[in-house]
Amino acid sequence: MTESAPFSPIAVVGTLALLAAYLTGAWCIAAGIAGNARKSRRLVSSSVYGLYGFGALIGLSAALLIYGFVTHDFAIKYVAATSETTMSTWYKVTAFWGGLDGSLLFWVFVLALFSTVAIAVNHRRHKDMIGFVVATIMVVQVFFLSLLIFTKNPFTTFLTQAPTEGQGLNPLLQNYWMVIHPPSLYTGFVAATIPFAFGIGALASGRLDDMWLSSVRVWMLICFFFLSFGLILGGRWAYEELGWGGYWAWDPVENAGLMPWFTATAFLHSAIIQEQRGQMKVWNLVLVTLTFFLTIFGTFMTRSGAVQSVHAFGEDNILALQFIVFMAVILIVSIGLIVYRSSKLTTLGTFESFFSREFAFLVNNWILLACAFFVLFATMFPTISEALDGSRVSVGPEFFNRWMTPLGVILLFLAGAAPLLAWRKTTTQRLVNQFLFPSAGTALSIIVLAFAMPQTLHLTPIFADRLKLPVSLFVLATIIFVGLSIGQEFWRGMMVRRRQTGSDPFTSLLGLMLSKRRKYGGYIIHLGVAVLFLGFVGKAYEQQTDKTIAQPAIVRDEAASTRVPKQQALAQSTLPAGLENQSFKFGEYVFVYQRLIVTSDDHKDATTAEVGIYLDGEKLSTVYPAKWDYHRGGEQATTEVAITVRLSEDVYVVLTGYEQDSGLANFRVFINPLISWVWIGFCILALGVFVCLLPASLATYVSARPPRTRLGRAADTGLVMALVIGATLAIASQAHAAPPASAAPAEHLPAGGMGMGASGVGYAAQNRPTNGAAESAEKDLLCPCNCSHRTIFECDCGNAAELRGKINAMIAKLDTSTPEKAKVAYDSVLADFIATYGGEQVLANPRSSFPWLIPMLAAFGAAGLLFFVGRRWITRGRAAPMMTASHITSIADEDLADKLDDELRDTD
Amino acid sequence: MATGSDDKTMRWVRLGSLGFVLVVGWVFIGWQNSFHITPPLVFVMLGYLAVVLTTYNLWRTGASAVAQNEEDDGDASWGKPTGARGELDREKRTMLKAIKEAEFDLQMGKLSQADAHQMIGMYRARAIEVMKELEQLDLGAAGTVRERNMREVKARVAIEGRMVKDKAAPRTIVDDDAASYGSGAADADDVKTPMMTEAADDVMPLAATEAATPEASAIEESKPTDKLQEASS
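Since this is a predicted model, take the numbers as computed values, not measurements.

(A) Just the overall build of chain B, in detail. When helices and strands are counted, chain B shows seven helices and zero strands. Of the regular secondary structure in chain B, the N- to C-terminal order runs α-α-α-α-α-α-α. Out of the 233 residues belonging to chain B, those deemed buried represent 35%. Across chain B, contacts joining residues at least 24 apart in sequence account for 65% of those joining residues at least 6 apart. With an accessible surface of roughly 14200 Å², chain B has 61% of that area assigned to carbon and sulfur atoms.

Now the structure itself:
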């Protein structure tokens, strides 16, 4: 009896919808280009409606796929691979983008939504180029659709018997942050397509005035916001879910989102120069193209296997080739159009002074571009090295940090300094007047920090091993400088506004922000970035320890089937005495292992440790680090960390291993100073973006209201500010890690434990380094198990434990009494591993000078070029015949001057 | 106008029909499921919405492609060409913003009085040039010389009116008002006053002959100049 192929009407209709969308997209490309080229209104209209129809068809496909998830249509392979019946509805919906095929469809869906809005808003304003814009968007859509239809169709069904149950979503993705992280990041990626399309439309149509710039600036701001949001959410997910105590590891997939963030930020600044001075037209077009290109490149990286990452979807050579061809087409067409229109784009670059806002923006742009290219180089270096000599050299966080830290500090400084500079030039006297307060405050804070917090004087290598500076002190000082500078801008602006309007300070501040939304919204964003850096600084002072406790305070008595509490006082708020064997001290905290709780449900088996944290004898919190073993989630259990959040530092507890019978538990504890400020910094950044995006109509409405009493105006102001800040904090207060299941009696107790060695001690705690040389060596060697690309020091698997033991044994045989001898011992360990594993791929950071040399050369070269170009432009600017204030030559000019004054009065 | 309102009516008819079909479909789907809201039902309804929108937009795609345009598809009817006028408008707005920015920077202490005066003066001069060019574009080349003279006359009449008022009540001095940056005007007023009255008288008849032929206008336009020369000699 032959089995019939499973039939899924959803799959059939879904595939047909994709095919129809493909044909519609092709029509839109043809009609759009022909319509604008031949100035045919009906063809352009047809292409616009075709774009809307395309969006509706993709919406239909998305709805059908999600319907398949919620109705458990396991005849569809994608549904069976990423879903199961016991999953909650939310995770079934998010499974849509959980796999490669669905993520591509999700990309097309989000771009369809965005492009519908963008075209609907702009098609009347840009009739002469909207056809080209539609065609460009549709080319991108058709490319992704061709991937879907011909190679990665999410509606593919099983050829034979369909399974009755799905495999379920990767347990690591079953987390609140993973529900919102991919959509936000994809939204950021997709939003970069709109400015690119308008740029191409402007080039193709030859309409290169600034109209296209004002249309795309908002979309680039949206792109910037969602990229920021996506990156922060990804960091938050990594922090809560992966259990390694950090939030950013310079993973290739993380870098894929960061690179377009740099170029989008650069564009937002250089667009201001084009609006103010009419310069940098080619530069802006290049940035728009580069941002879009990097989003496609990032998508290529994560889906082609070009880089290794825990986030990557895997290796696919056919997909890689398709992406490479598409990226080549993007570059050829974009560069070709820019060259073709170069005569309309060239402007004489002139600046009048190095101490001008224009020059500060130019430096800012170059550094952002340097950051983007450095991250690109470092991310692709393992692939490049493998292509060159067959060995895949790893590039770890240390390599990135040595370059990105100083570049970041320079950018941060510019974030504070540029607002203090005037357009065109700032005289020496004005320079002193503007910089005095922030500089004095910074100098004072350096002195206070150096004395009050000597740990900030710790030297950290930057750029190269030999160049060591007190980086933490510099960063903190720069943060304070930015804060004082922005504060001064707000204060002085508020006072000016107050003099102009006679309002109270609150109303003046609100009026200032509403009338100059872009400027002051930008200042708030700068402040948010400074607060982010405050969170970054804390990373340098994180502490980590591994402890094993043989038995909890409360032990389960199997014979009696009841719990026999060893100590009665565990519920009280002060640290009970006599618990030395069940507790350990780390930092200022005492951790008391209270009990081990085992639970089970349809999805998973959970083993949870209850740990009390005490500070100065008082109970700070009770936390529940856990291991969850999903029934259908693969072999590896997930780590559920427990975090006690404080503004000064987080206490981060991980259950790395346990023994259920005895109750033995192995803990890894991190103390992460200042990490909460990373999340707070983003919230401030989001507030700044909201202010920038406030519509002009709102500003007009608020300012046009009839005059009221001062109290009334202040109340209005306070209400508006409360609404805006409240909305921002609402984002900040969203979810935290899910609370653990209540300690119900276990339905079953799986035998054995998890993460335990033969000695009964958890792997993570086994063979910890005994001296500095061993610790350095373990931190510079990657664990060969390839789990999360961690170092031997960090990894908590059995391989890592064994290798730590080997390293300890090697170091023990050598003399490490002096720093020089310790260095020799360290080098010999590394050499042994390189010989054992056949190359430098086992190293966490490259040792050869080649990868270090290239960024060095590029940085010095770029700095030299920047100085040379800047000097040339300034020389040209000073030599150019100055536009003088010509005397009014006729009486009629006075009439025009009066009209000008009237228009100035209406301009805010 | 009638065509415009017809288009609007048709647009509302289409949207109304769309809404009606949507609501009827949703009610039917809900009724089939006893109005029990479940995730599958929600996505069926969203799918139905997508189907309706697809049908509508694909029909509009085809209809637009084969539509007969009532208007000429040439340049004149093709959207709203910006061209030189658009560029000048933008430049004027840029100058206005630059002036406000410079004034704000002055008050914020980033610019000295001298620097601000110089920058604002430059921007104002350029803005006035741009406004002149905009006026020329609006009027076209034919009326340029004639209309320029008309403006000149109007401005002189206005100034003369102000001067009469000033004689009766002296004008207060404006300190940091932006108009003070156009300081050249005061000198021009003083020099040209004696001639202005005569010129105004001479040009008045010109105003009465506005409907004259271009040739007559050209002859008339030369008259004020001649009168000025007579007055100066």
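(B) Molecular detail of the overall build of chain A. When its secondary structure is counted, chain A shows 27 helices and 15 strands. The buried share of chain A, reckoned over its 908 residues, is 57%. When contacts within chain A are restricted to residue pairs at least 6 apart in sequence, those whose partners lie at least 24 apart make up 73%. Of the roughly 37500 Å² of accessible surface on chain A, 64% is carried by carbon and sulfur atoms.

(C) How the structure looks around the pairing of strand β10 (residues 626-630) of chain A. Residues and elements named next belong to chain A. For β10, the buried fraction is high: four of the five residues fall into the buried class. As judged from the three bridges shared by β10 and strand β11 (residues 638-640), these two strands associate in the antiparallel manner. Across the sheet, the residue bridging to Ala626 is Glu640, located in β11.

(D) Representation of the pattern of salt bridges in the model. Under the criterion given, the structure shown has 23 salt bridges over all chains. Within this structure, Arg217, Glu275 and Arg518 of chain A form a network of salt bridges that share partners.

(E) The arrangement of the nonpolar core in detail. Residue and element names in this part refer to chain A. Counting 215 residues, the largest nonpolar core has Phe96, Ile119, Phe144, Phe262, Ile296, Phe297 and Ile479 as the members making the most contacts within it. Each residue touching Ile296, except ones within four places of it in the same chain, is listed here: Trp107, Phe144, Phe323, Phe326, Met327 and Ile330. Judged by nonpolar contacts, the second largest core, of 22 residues, contains Ala774, Tyr826, Phe833 and Leu843.

(F) Structural view of helix α11 (residues 281-304) of chain A. Compared with the 34 Å implied by 1.5 Å per residue over 24 residues, the 34 Å span of α11 of chain A between its first and last C-alpha is a close match. Extensive coverage of α11 of chain A is indicated by the burial of 21 of its 24 residues.

(G) Representation of the state of the cysteines in the model. Here the structure, examined in full by the defined rule, presents zero disulfides over all chains. We note that Cys692 of chain A lacks a disulfide partner, and the nearest cysteine sulfur, in Cys223 of chain A, lies 15 Å from it.

(H) Structural detail: the packing of aromatic side chains. All names here are of chain A. Taken as a whole and judged by the stated rule, the model has 52 aromatic pairs over all chains. Arranged with centres 5.0 Å apart and planes meeting at 15°, the rings of Phe584 and Phe591 form a pair that is stacked. When sorted by exposure, Phe584 lands in the same class as Phe591, which is buried. The ring of Phe793 has Lys779 sitting right over it, with the charged end atom 4.8 Å from the ring centre. Taking NZ or CZ as reference, Lys806 lies 4.9 Å from the ring centre of Phe833, over its face.

(I) Focus on a positive patch on the surface. Positive charge collects at one region of the surface, where Arg124 and Lys127 of chain A together with Lys8 and Arg11 of chain B lie side by side. Looking at the secondary structure, you find Lys127 of chain A in the loop between α5 (100-122) and α6 (130-150). For Lys127 of chain A, a relative accessible area of 32% gives the class partly exposed.

What counts and what doesn't
- Residues numbered from 1 in each chain as written.
- Chains lettered and ligands numbered in written order.
- Predicted model: local features only at pLDDT ≥ 70, side-chain atom pairs only at ≥ 80, totals over all residues.
- Heavy atoms only, no water.
- Helix = DSSP H or I, 4+ residues; strand = E, 2+ residues; numbered from the N terminus.
- Buried < 20%, exposed > 50% of the residue type's maximum accessible area, 1.4 Å probe, protein only.
- Contact = heavy atoms within 4.5 Å.
- Areas by Shrake-Rupley, 256 points an atom, 1.4 Å probe, with all protein chains shown as cover.
- Pairing = 2+ DSSP bridges.
- Salt bridge = Lys/Arg side-chain N within 4 Å of Asp/Glu carboxyl O.
- Core = buried A, V, L, I, M, F, W, Y, C linked by side-chain atoms within 4.5 Å.
- Expected span 1.5 Å × (residues − 1).
- Disulfide = S-S within 2.5 Å.
- Phe/Tyr/Trp six-rings, centres within 6.5 Å; stacked < 30°, edge-to-face > 60°.
- Lys NZ or Arg CZ within 6 Å of the ring centre and 35° of its normal.
- Patch = residues over 30% accessible without salt bridge, like charges linked within 9 Å, V, L, I, M, F, W, Y side chains within 5 Å.
- Lys, Arg positive; Asp, Glu negative; His and termini not counted.
- Charge placed at Lys NZ, Arg CZ, Asp CG, Glu CD.

Taken by themselves, the reported measurements are silent on function.
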